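Chain by chain, the residues:
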Amino acid sequence: MSTARAIRHQRHDAAQRPFIVIWESTRACPLACRHCRAEAVPERDPRELDTSAARELLRQVAAFGRPAPLFVITGGDPFQRPDLTDLIAHGRSIGVRVAVSPSGTPTLTEERLREVHAAGAAGISLSLDGSTPALHDDFRGVPGVYDLTLDAWDTARALGMKVQINTTVARHNLRDLPDIVRLVADHGAMLWSAFFLVPTGRGRSLGPLTAGEVEDVLNFVYDMGRTVPAKTTEAHHFRRVALQRQILARTGEDPVAALGLGSLYRELSERAEELGPAGGERRVRRPPLDVNAGRGFVFVSHTGSVHPSGFLPMDAGNVRRTPLTEIYRTSELFTGLRDPGRLGGRCGRCEFGRVCGGSRSRAYGTTGDPYAEEPWCGYVPGSFPHQRELAALLPGAGAEDDVDAADGVDVADTASGKEQRVEHP
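Remember, it's a predicted structure, so these values are computed and weren't measured experimentally.

Enquirer: I tried to follow the overall build of the protein on my own but got confused; where do I start?
Expert: Within the protein one finds 15 helices and 12 strands. Among the 425 residues that make up the protein, the fraction classed as buried is 60%. Counting only carbon and sulfur atoms, one obtains 49% of the accessible surface of the protein, whose full area is about 15,300 Å².

Enquirer: In this structure, what is going on with the packing of aromatic side chains? I would like to understand it.
Expert: Throughout the structure, instances matching the rule amount to 5 aromatic pairs. When the centroid spacing of 5.9 Å and the interplanar angle of 90 degrees are considered together, the rings of Phe64 and Tyr328 count as edge-to-face. Of this pair, Phe64 sits in the loop between α1 (51-62) and β3 (70-74) while Tyr328 sits in helix α11 (residues 324-330), and the two are 264 residues apart along the sequence. Taken together, the aromatic side chains of Phe64, Tyr328 and Phe334 make up a single cluster linked through ring pairs. The positively charged end of Arg112 is found above the aromatic ring belonging to Phe79, 4.7 Å away from the centroid.

Enquirer: So what exactly am I meant to see when it comes to the pairing of strand β5 (residues 123-127) here?
Expert: The side chains of a regular strand alternate, first on one face of the sheet and then on the other. In terms of residue burial, β5 counts as a mostly covered element, since 5 of its 5 residues are buried. Here β5 shows a buried face lined by Gly123, Ser125 and Ser127 and a second buried face lined by Ile124 and Leu126. Where strand β4 (residues 98-100) lies against β5, 2 bridges are found, and the strand directions are parallel. In the strand pairing of β5, Val100 is matched with Ile124. A crossover connection joins β4 to the parallel β5 through helix α3 (residues 110-119); in handedness this β-α-β unit is right-handed.

Enquirer: Which parts of the structure should I look at to understand the pattern of salt bridges?
Expert: Pairing between side chains of opposite charge can happen when the charged atoms of each approach one another. Tallied over the entire structure, the rule returns 20 salt bridges. With a shortest N-O distance of 3.0 Å, Arg114 and Glu110 are connected by a salt bridge. With Arg114 and Glu110 both in helix α3 and 4 residues apart, the pair spans about one turn of that helix. On the basis of relative accessible area, Arg114 is assigned to the partly exposed category, the value being 45%. By relative accessible area, Glu110 is classed as partly exposed at 42%. One salt bridge in this structure joins Glu115 and Arg112, with 3.2 Å as the shortest N-O distance. You can see Glu115 and its partner Arg112 sitting in helix α3, 3 residues apart, about one turn around the helix. What makes Glu115 partly exposed here is its relative accessible area of 32%. Put simply, Glu48, Arg81 and Asp83 are held in one network by salt bridges that share partners.

The rules we used
- Residues numbered from 1 in each chain as written.
- Predicted model: local features only at pLDDT ≥ 70, side-chain atom pairs only at ≥ 80, totals over all residues.
- Heavy atoms only, no water.
- Helix = DSSP H or I, 4+ residues; strand = E, 2+ residues; numbered from the N terminus.
- Buried < 20%, exposed > 50% of the residue type's maximum accessible area, 1.4 Å probe, protein only.
- Areas by Shrake-Rupley, 256 points an atom, 1.4 Å probe, with all protein chains shown as cover.
- Phe/Tyr/Trp six-rings, centres within 6.5 Å; stacked < 30°, edge-to-face > 60°.
- Lys NZ or Arg CZ within 6 Å of the ring centre and 35° of its normal.
- Pairing = 2+ DSSP bridges.
- Right-handed = clockwise from strand over helix to strand, strands pointing away.
- Salt bridge = Lys/Arg side-chain N within 4 Å of Asp/Glu carboxyl O.

So, in structure tokens, the structure goes:
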């Protein structure tokens, strides 16, 4: 068996260059989202990277080589920056593909979308955290955001822009996920990303999911990959699920029984079946990308500090003083996170460790140790019965489906850090 239909791998050495760079261009945002990592505020911070410093950051991203990593401008609300379109155009002129992750605010107008599209934005990502205005707007803290988001979504699609839809998976919308998927299928999107909450920023006040609930949702997301292009963010064990499900499909086993899936999985599956087919079934799933905090992913804050993820607030340097290439390649924090031998607990013993590694952000947010085991994973290392078949799918066993940032736009392929939503693969 080949990994081509199981896990995608970065084409370039992840120790030398990231797949994606997320830049928190500002923390200014008029929303009051209950899960916001940035704890956004109404006004811009005077310490933000100005236009000159932002252009220098883009040059540092280009210095990783061609094709350059995908550069995502997030926030806060990036539309609060008057130089947004200038920066998109500058990135394009030096060979850096730029995507934008705006907030669903009154700034999200057709005119602004036309401007970023004309400037050369590779795509946008929008957040949808409920299938109804009541669910979404309550989570975002401002009425009317749901309608603004759907209008912007349809407008962007009509303009020919690539759109990624990000959904924060939390207690408020667990049973609404099938309805959200139906909306994604009906309106159309390049990608749907299910983001699993990290206890940081305002998200610390929201209750955690159990490992069993997470397992049920991950398997549901896998199923929905035949309806919409689907991925996860801050749920790296989705790659384990993809491998397990591929093997179980080959052996003809029922995943509910083989993986011990629970009542939530059955409820989500029944609701999806009740809603009926949406737009026809996709023939091929989108394989998850093997990226993690500091390993293919890097986050730059509004003040220029560099972090392995927007949800892992450990500082590795600042782009005002040290080039991003040097920080990413040589800082102790980044090199440590790329060493699977440093993982502790079950993650350190797990046979899936090299393609999963768990959420380093959630481990840090829960324990204060970025190398601790993934707290939202209940898998017992070695318990999957098909170890021989699994060995044939793990890295080094056969052909790998390598990708780089030029192969497609994952607007946030692991953890954008703007808020708890969509990125980093």
